[in-house]
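# Summary of structural features
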Amino acid sequence: QVQLVESGGDLVQPGTSLKLSCTTSGLTFSNYAMRWYRQAPGKEREFVARISNIDNFATYAESVKGRFTISKDTTKNAQYLQMNNLKPDDTAVYYCNAIRVRGAGGYEYWGQGTQVTVSS
């Protein structure tokens, strides 16, 4: 059974930092490109960042570029999202996503989400 479990969400003040984690199990981590999405109240889910399955090449949404950093630890089958200089507009439920880009396994998996609230 494949599981993606996010953690690290919290209520923080603007300008502070937070690091989200996503641990995976039941899939071959190297076969999947990992991504973060977020969904704010009343809005559609949007792409935040992705990292390649074979190296650390990453891409970001314009709204988070320069503030957020995606990373992964292949020894722990986990990915992370370091979020700096948080803004109220970053308030959302953040979701971990895995997309299979090679080999066998299911095509796509999602975590249950972790709440990030940025407010003074």
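Presented here is an overview of the structure given in this document. As a convention, each chain's residues are numbered from 1 in the sequence order in which they are written. Only residues with pLDDT of 70 or above have their local features reported here, since the model is predicted, and side-chain atom pairs are shown and tallied only from 80 upward, although totals for entire chains, interfaces and linings are computed over all residues. Side-chain measures here rest on the full set of heavy atoms in the structure, leaving out hydrogens and waters.

## Side note on the sheet that holds strand E1 (residues 3-7)
Backbone-to-backbone hydrogen bonds pair the strands of a sheet. The strands run either parallel or antiparallel. Stated precisely, the cut-off is as follows: Two strands qualify as a pair provided DSSP detects at least 2 bridges between them. A run of H or I in DSSP becomes a helix once it reaches four residues, and a run of E becomes a strand once it reaches two; helices and strands are each numbered from the N terminus. The axes used here are C-alpha line fits, helices contributing only the stretch in contact, and every angle between their N-to-C directions lies in the interval 0 to 180 degrees.
The strand order E1-E3-E8-E7 describes an open sheet built from four strands, whose pairing is antiparallel. Each of the sheet's edge strands pairs with one partner strand only, and the pair in question is E1 and strand E7 (68-73). Strand after strand, the sheet turns through a mean of 15° between neighbouring axes, direction not considered. Inspection of the sheet shows strand E3 (residues 18-25) paired to strand E8 (residues 78-83) by six bridges, in the antiparallel sense. Its bridge partner being in E8, Lys19 is matched across the sheet by Gln82.

## Describing the pattern of salt bridges
Side chains that differ in sign of charge can pair as their charged atoms come close. What counts, and what does not: For salt bridges, the criterion is a side-chain nitrogen of Lys or Arg within 4 Å of an Asp or Glu carboxyl oxygen. Burial classification: accessible surface area is computed with a 1.4 Å probe over protein chains only, and a residue below 20% of its type maximum counts as buried, one above 50% as exposed, and the rest as partly exposed.
Scanning the model with the defined rule gives four salt bridges in all. Notably, a salt bridge pairs Glu46 with Arg38, separated by 2.6 Å at the nearest N-O pair. We note a salt bridge from Asp90 to Arg38, for which the minimum N-O separation is 2.9 Å. One end of the pair, Asp90, is in the loop between E8 and strand E9 (92-100); the other, Arg38, is in strand E4 (residues 32-39), with 52 residues separating them in the sequence. The class for Asp90 is buried, based on a relative accessible area of 1%. Assessed through its relative accessible area of 5%, Arg38 is described here as buried.

## Remarks on the pairing of E3
Pairing of E1 with E3, which is carried by five bridges, proceeds in the antiparallel orientation. Of the residues in E3, the one forming a bridge with Ser7 is Ser21.

## Concerning the environment of Tyr60
Rule in force here: Residue contacts follow a heavy-atom distance rule, with two residues in contact if any of their heavy atoms lie within 4.5 Å. Polar contacts, as used here, are pairs of N or O atoms within 3.5 Å; protein pairs need one atom able to donate a hydrogen and one able to accept it. Residues neighboring in sequence count only if both atoms are side-chain atoms.
For Tyr60, the position within the fold is in strand E6 (residues 58-60). On a C-alpha basis, the gap between Tyr60 and Arg35 in space is 9.7 Å, while along the polypeptide they are 25 residues apart. Leaving out residues up to four positions away in the same chain, Tyr60 has contacts with Phe47, Val48, Ala49, Lys65, Phe68, Thr69 and Ile70. A polar atom in the side chain of Tyr60 sits 3.0 Å from the backbone nitrogen of Ile70.

## Quick look at the pairing of strand E11 (residues 114-118)
Residues in a regular strand project their side chains so that they alternate between the two faces of the sheet. Going residue by residue along E11, you find Thr114, Val116 and Val118 tucked away on one face and Gln115 and Thr117 left uncovered on the opposite face. Where E9 meets E11, three bridges bridge the pair, whose relative direction is antiparallel. Of the residues in E11, the one forming a bridge with Val93 is Gln115.

## Some points on the nonpolar core
Operational definition: Nine residue types can take part in a nonpolar core, namely buried Ala, Val, Leu, Ile, Met, Phe, Trp, Tyr and Cys, and a core is a set of them joined through side-chain atoms within 4.5 Å.
Core analysis: the largest hydrophobic core is formed by 27 residues, its most contacted members being Trp36, Leu81, Met83 and Tyr94. Elements with a minimum of two residues in this core: E3, E4, strand E5 (46-51), E7, E8, E9 and E11. Top contributing element to this core by residue count: E9, with four residues. In this view, Tyr94 contacts Glu6, Leu20, Trp36, Tyr37, Arg38, Val48, Phe68, Leu81, Met83, Gly113, Thr114 and Val116; residues no more than four positions away in its chain are not counted.

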